Each structure stands twice: as C-alpha cells, then as structure tokens.
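Chain by chain, the residues run as shown.
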Amino acid sequence: MNKPLNKKNVRPEPWAVYQDIIARDRHPTPPDLLEAGTDDLGLSNSSREMYTSPAFHKLELDRLWSRVWQFACREEEIESPGDVAVYELGDWSFMIVRAEDNSIKAYYNSCTHRGTKLCSSNTHLQKIRCPYHGFTWNLNGSINKVPSSWDFPHVSEETHSLQEVRVGTWGGFVFINLDPKAPPLEEYLENLPSQLGVVNFKDLYIAGYYRKILPSNWKGSIEAFIESYHTAETHPQTTSFSDEQHTQYDLLGRHTSRFLQALGVASASFGDPQSEQQIVNSMFAEIMREKTEAPPLPDGMTARQFMADTTRTQLTEAGRDVSGMSDAELVDAMQYSLFPNMVLFRSVGFPVVYRFRPNKHDPDTSIFDMFILKPVPAGAPRPLPAEPVEMGDMRYVDIPELSDWLGDVYDQDVANLKLLQEGLKAGNTPVTLSQYQEIRIRHFHNTLRAYLEQA
Ligand code: FES
Ligand SMILES: [Fe+2]
C-alpha cells in the first residue's frame, strides 16, 4: 500500500478516499484495483531544457528511443502477407511488414544500396522494391534482385538484406525495439497485460485514428494527460461529477503506472456539496448536452450506482458480457501508461489509446496519435481499420467518434500546450512537480534519466 504522505499537506490521503468510494460499490472490485502504491520519489525539480533543448532532444533519440519498446502499428493494419505499415520517429523510418509465412517483420525503411527511403506510407506489396535503381527484396527481407548484379560482387545476402529490427506483439499492438540487447517485450510490459486483460485489446479494431501535431515537446504532451491535477483549472465543467481531487496514482513498475479516478462523485473543487440528484443532473447536462433529461434517482440510489447501472445496461444491450465487471470498471477513469509514450484506458466502453512521439528534430512539437478502438461486432468480419486522419487545425470536438463533452476536454488540453512550450522558453525557474498528484510525471522523468545516463 501507499506510504502515508506528509499529513500536514494531505488529509485524508487521496488514494484512501478513492478506495473508500470503491469499497461502497455493489459489484465486487477486482483485487488489482484494491491495491495502491507509490514510492517516495522525493521533491526534486526537473529542468526546462528537457523540453526545449535540441541537444537534449538528440540525446533522447540516441539513448532513449533507440532502446525502448515502442508501439509502431496495430496487427490489423498489416493483416495479410505483403501489407506494410510505415512508422516514423525522429529521422528514423521503419517498415512493419506481414511476411509470406504470416510472421511480422520490421525493417529500417532505407535501401541497402545507397539509402533511398523504400516506402512513404502504408501500402501492400508483393516485393519491396527501391524506386531509385530497383534493388528488390522479398517480404522476409532477403534479396530478391540486384539489377546488374555482375557489377556488385561485394553485395550479398549477409551484407545487403533489409536491416531488421526486433518485433514483439501484445493485445494486437505491434512494438519494435532498435536495441538487440533490450529485454524482451514481455518483460518490458511488466504487469500491464494482466491489468488490462479485461479490455481484450486484441479483439478490438481501429474505429477512429486521429493524428495531430501538438505545439509542445513530446514529454509536455504526454504529461498533459497522465495527471488529474489540471482538471479543476482546465476542465472545471467536469468537477461536478468527477472527483479529480482524490485520484489514486500508482507506480506499477519501471515502465508502467496508472491513475484511477472516481466518476459519479462531485469534486471538492466544484464548490458546494452536491446531492446525488444534482450530480446526475450536471452529468446529463454536460455529457448528454441536455438532449436527454436527467431522470429522478430512485430512493437510496447514488449517482455512481445510477451511472454504473446505465453503462451496464448499454453494454449488455450492445452484446457485451459485463456481468463480472465491477462498478468501478464501468464508471471510473482508469488510465495506464507504458513508458515512454503510450497511454491506454482500462475501459470496455471507451478503450482509447494515445501515442506521443517526437516530431523529427523539433523539440517544440510532437505527434499525437489517438486510436479510438471498438469491439469487432459479434458474428461479423473484422471491419477494416480506420486510416489515420491528419487533423491539422481540426478540433477534437469535431471528431465523430468522440462525444462532444470529451471532444471539449481534449480541445481544452491541447489549448494549454502552446502556452506551455512558449512559457518554458520564457523564464528560468525549474519545473516543479507535486509530491503525489504529479508522481507519475516524476516517475516518468526518473526512468527517462536512467535511459539517458546509460552510455
Ligand atoms: S538507392 Fe536503392 S536501389 Fe539504389
Ligand atoms: Fe485534461
């Protein structure tokens, strides 16, 4: 369990309040949600240069991104032999390929003759062929053809096959790692697969795939989403039905952490205490946008119970078996992160996934991919995965697969980021992190530093 924090600062402990809320739920909560755990990570500051310095950005590419397992594509994007997904990171580019034997291969997207990029976007190929002089490879990376091979006595399978990168899969996600010495993916994922098993990511498909260039360093971007401390100021419209002040933060391992945030409970930051009926009323007003009137709550029913029952009914009607699920799993925001750049929700109703990447060599911008996943309809063939939509200036509230209230929340988050990045360059005080509510960021920085210090 968590070590108690300094009582002078925090009373009662946020995680204890969250645990108290779920202890009153009617459907039993799974044991892994009854655990709470952080370490004392101290109170040290971080530097602004982490977010702004081109040299730091380069160091990250050299020592971090070259060593971590990173989510490159979904298996469904390369379903058949010859399907190719392109994944770019910094100046690197990779082809993730479904080979003839159905195995998944990943190669540097660069010709072994004179270096030309082989594939510009996701595609389907019989052979991989360089557009410049026509060097050609089989899907398994072996050489198929070298034009004028008589002129290349020094080119062989050993030296000029496509340069392979390690591949691992979990939950329908394809990960790559450039480091031959890195631990296997299974070890890297720690206990994420068991904690997220209930979502069954493997059986989901990409219903919406949205890409936005954010005006902030990739770390500033992911950090905007892994704490709830900003909610009262940035998303005040949610505090009447979401208890961000008592979000529980857990450090699960070196690469994994989570937060658990109660919904159907008003936050102290909302102001006056709210009756259960008032909580439901404001939830309907914000989430349903008053398209549907809030019903009167039956005697003795809490807003949280009402929310759990409604979600349970909706999912059951949609053909999902949620009989074994707890109220907390149906109602709360349970968000997990996988170092360095992946965020996943433990939600059967809205299993969204985020990926944040550096944008080429620019420390001031990053690429944010949002994957809106849905279950494959029962008895139906797997729908084709959605292609990425380059959002440009498009707002999140205009994404059809997102409800308006969530779209507003994302737009509010993104609106902070330009100011964040500009402000980081405008002053020189250190970046200060809170002891508890921002502990996932502190933990993220510690892991990051450990990678960077490794020569
Ligand atoms: S650069 Fe690719 S074949 Fe020449
Ligand atoms: Fe937010």
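Residues numbered from 1 in each chain as written. Chains lettered and ligands numbered in written order. Predicted model: local features only at pLDDT ≥ 70, side-chain atom pairs only at ≥ 80, totals over all residues. Heavy atoms only, no water.

A. How the structure looks around the pairing of strand E2 (residues 83-89). With respect to burial, E2 is a largely interior element, six of its seven residues being buried. Note: E2 against strand E5 (residues 123-124), two bridges, orientation antiparallel. The residue bridging Val 84 from the neighbouring strand is Thr 123, located in E5. Bridge count for E2 against strand E3 (residues 92-98) is six bridges, and the pairing is antiparallel. Looking across to E3, one finds that Val 84 is bridged to Val 97. (Buried < 20%, exposed > 50% of the residue type's maximum accessible area, 1.4 Å probe, protein only. Helix = DSSP H or I, 4+ residues; strand = E, 2+ residues; numbered from the N terminus. Pairing = 2+ DSSP bridges.)

B. Representation of the domain arrangement of the protein in the model. As assigned here, the protein comprises domain 1 (14-49 + 190-453) and domain 2 (70-187). Measuring from the centre of the C-alpha atoms in domain 1 to the corresponding centre in domain 2 gives 34 Å. Across the contact, 24 residues belong to domain 1 and 20 residues belong to domain 2. Carbon and sulfur atoms supply 58% of the area that domain 1 and domain 2 bury against each other, a total of about 1,900 Å² over both sides. Of all residues in domain 1, the largest losses of buried area upon contact with domain 2 belong to Met 342, Arg 355 and Lys 360, amounting jointly to 23% of the total for that side. The interface formed by domain 1 and domain 2 contains two salt bridges. Note that Arg 382 and Glu 76 form a salt bridge whose closest N and O atoms lie 3.5 Å from each other. Run the count over domain 1 and domain 2 and you get 10 residue pairs in polar contact (both at pLDDT 80 or more). (Domains from an automatic or database assignment. Contact = heavy atoms within 4.5 Å. Buried area = accessible area lost by both parts, 1.4 Å probe. Salt bridge = Lys/Arg side-chain N within 4 Å of Asp/Glu carboxyl O. Polar contact = N/O pair within 3.5 Å; in protein donor to acceptor, adjacent residues only side chain to side chain.)

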